[in-house]
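One-letter residues, chain by chain:
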Amino acid sequence: MDAAAVVDRFGLDESARVWLEEAAALPLPEGGVPLPVRARAAEALAPFAPSRRDAAELIEAWPDPAWPVELWWLLERMYARVAADLAEGRREWRSWPNLIAAEDVRVRCAVVYALAAAVPLLEAVYDRHGVPEEVRAATLRDIGRHIGHSRAMFGRLGLETVTWAALHFRAGLYELGRLQYEPATLSTAGAVRWYGSGAAAGLGPELAEGAPALRLHIPVGGPLDAPSVQRSLDAARGFFRSCFAADYPVATCTSWLLDPQLADHLPESSNILAFQRRFTLVEADAPGDADVFRFVFRMAEVDPARTPARTTLERAAAGLVRSGGSWRVRTGWLRLA
């Protein structure tokens, strides 16, 4: 069995072939993929807290001996990749193939099964670092949240944001109350912007390029109210000191929610505007329309003609693009107590 055979069998793209060829070089942990039988599948999926519908369909497609050999090979390669990254302590981003377009639901869900099998490996890392149970549970529930987002966007079961989900399984993300935190360093990468070395040096050593920082992420769901945000920020620095003996004096956020243009469309009492005001913005920006349509409308394309207009934010999000404007992703920073 090889990557080309799997790609051909399931109609996958070139990026999947390259990824699978790299994963094929990894040893499969002893015992293979440790998934329970279908009768105990709900227990294995429980940490992700999928919706009732998503859980039922995941269990219906659960791996069994009738799966073709190519499908088992795909699942094994994904599990081997997760296990290897955890064993290496890899924190940085690694791209994964996006299989949401695959016609076979088992292909689309193979990564969910691989992650479910890897929960005990991740729990062992949590145990070593003394990660509190409530943080573990909240962090893993994000997988179910993103399975739901994938259905909303594409109308089918799967996990489109697999590169994001894999970060959790490198012990690289922690959900502390309302916000999520990713250990990182201050730098420009992708949509993230940072100051040039000269400008950063003038701000103090904790803001120098390459200094340790937490990247702050905002999970969808629930209000972004000031008390919840403050409780999360207050907990962040102490959590990483206690569990990882690491100090992160600064947090950054890179999001369309920091676009100052929102102040032209939202009321002064908006939670979003109050959140913005916590941050000092870096001048440089990145395109943001795709992010706005993904997170506000659960749409994979920018198409203001197809958007609802139920809320002030929805009307603003589509209206700016419809009138020829463009949303921007901005990076901001704040100091943690």
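Residues numbered from 1 in each chain as written. Predicted model: local features only at pLDDT ≥ 70, side-chain atom pairs only at ≥ 80, totals over all residues. Heavy atoms only, no water.

**A look at the packing of aromatic side chains**
Move 1: In the structure shown here, the tally under the stated rule is 17 aromatic pairs.
Move 2: When the centroid spacing of 6.1 Å and the interplanar angle of 55° are considered together, the rings of Tyr126 and Tyr174 count as tilted. In this pair, Tyr126 sits in helix 6 (residues 105-129) while Tyr174 sits in strand 1 (residues 174-176), placing the two residues 48 residues apart along the sequence. Grouping residues by exposure puts Tyr126 and Tyr174 together as buried.
Move 3: With 5.2 Å between their ring centres and 50° between their planes, Phe293 and Phe297 make a pair best called tilted. Residue Phe293 and its partner Phe297 are both found in helix 12 (residues 289-297); the two are separated by 4 residues, about one turn of the helix. For the pair shown, Phe293 and Phe297 are each scored as buried.
Move 4: Ring-pair connections join several aromatic residues into one group, and the members of that group are Tyr126, Tyr174, Phe239, Phe240, Phe244 and Tyr248.
Move 5: Seen from the ring of Trp73, Arg77 lies directly overhead, with NZ or CZ sitting 5.8 Å from the centre.
Move 6: Sitting above the plane of the Phe244 ring, Arg91 keeps its charged end 5.4 Å from the centroid. (Phe/Tyr/Trp six-rings, centres within 6.5 Å; stacked < 30°, edge-to-face > 60°. Helix = DSSP H or I, 4+ residues; strand = E, 2+ residues; numbered from the N terminus. Buried < 20%, exposed > 50% of the residue type's maximum accessible area, 1.4 Å probe, protein only. Lys NZ or Arg CZ within 6 Å of the ring centre and 35° of its normal.)

**Regarding the packing of helix 4 (residues 52-60) against helix 7 (residues 133-154)**
Move 1: Orientation of helix 4 relative to helix 7, taken along the N-to-C sense of each, is 90°, at an axis distance of 10 Å. One way to sum up the angle between helix 4 and helix 7 is to call them roughly perpendicular. Facing helix 4, whose interface residues are Arg53, Asp54, Glu57 and Leu58, helix 7 presents Ile147, Gly148 and Arg151.
Move 2: A class-by-class count of the residues in the contact of helix 4 with helix 7 yields 2 nonpolar, 1 polar and 4 charged. (Axes fitted to C-alpha atoms, helices over the stretch in contact; angles between N-to-C directions. Parallel < 35°, antiparallel > 145°, perpendicular 65-115°, else oblique. Contact = heavy atoms within 4.5 Å. Nonpolar A, V, L, I, M, F, W, Y, C, P; charged D, E, K, R; others polar.)

**Quick look at the pattern of salt bridges**
Move 1: Enumeration over the complete set of coordinates arrives at 25 salt bridges.
Move 2: The partner of Glu21 in a salt bridge is Arg17, and the shortest N-O contact between them spans 2.6 Å. Of this pair, Glu21 and Arg17 both sit in helix 2 (residues 14-24), 4 residues apart, roughly one helical turn.
Move 3: Overall, Glu21 belongs to the partly exposed group, its relative accessible area being 41%.
Move 4: One salt bridge in this structure joins Asp85 and Arg81, with 3.2 Å as the shortest N-O distance. Of this pair, Asp85 and Arg81 are both found in helix 5 (residues 69-88), 4 residues apart, which corresponds to roughly one turn of the helix. (Salt bridge = Lys/Arg side-chain N within 4 Å of Asp/Glu carboxyl O.)

**What about helix 12?**
Move 1: For helix 12, every residue scored as buried is listed here: Asp289, Val292, Phe293, Val296 and Phe297. One side of helix 12 carries all its buried residues, which in axial view fall inside an arc of 95°.
Move 2: The inward-facing, buried residues of helix 12 abut strand 5 (280-287) and helix 13 (312-322).
Move 3: One or two residues past the end of helix 12 sits Arg298, with phi positive at roughly 55°. (Arc of directions from axis to C-beta.)

**Digging into the environment of Glu43**
Move 1: With respect to the helices and strands, Glu43 occurs in helix 3 (residues 41-45).
Move 2: A sequence separation of 73 residues divides Glu43 from Ala116, and the C-alpha atoms of the two residues are 9.7 Å apart.

**Structural notes on the UniProt feature "domain: GNAT-like C-terminal" (unreviewed entry) in the protein**
Move 1: Within this numbering scheme, the UniProt entry marks residues 173-334 as carrying the feature "domain: GNAT-like C-terminal" (unreviewed entry).
Move 2: Split by type, residues 173-334 is 31% helix and 23% strand. Its first and last C-alpha atoms lie 19 Å apart. (UniProt positions renumbered as here; feature names shortened; annotations may be inferred.)

**Quick word on unusual backbone geometry**
Move 1: Residues other than glycine seldom take positive phi values, yet Ala49 does so here, at roughly 50°.
Move 2: Summarising the element assignment, Ala49 is placed in the loop between helix 3 and helix 4.
Move 3: Note on Ala49: relative accessible area 39%, which makes it partly exposed.
Move 4: Notably, Arg298 is not glycine yet its phi reads approximately 55°, a positive angle.
Move 5: Within the secondary structure, Arg298 is located in the loop between helix 12 and helix 13.

**What about helix 10 (residues 226-244)?**
Move 1: In this model, helix 10 (19 residues) spans 27 Å end to end at C-alpha, consistent with the 27 Å of a helix rising 1.5 Å per residue.
Move 2: Its maximal kink placed at Ala236, helix 10 deviates by approximately 30°.
Move 3: All of the buried residues along helix 10 are Ser228, Val229, Ser232, Leu233, Ala236, Arg237, Phe239, Phe240, Cys243 and Phe244.
Move 4: Backbone geometry just downstream of helix 10 places Ala245 in the positive-phi region, at approximately 50°. (Expected span 1.5 Å × (residues − 1). Bend = angle between axes of the 7 residues up to and from the residue.)

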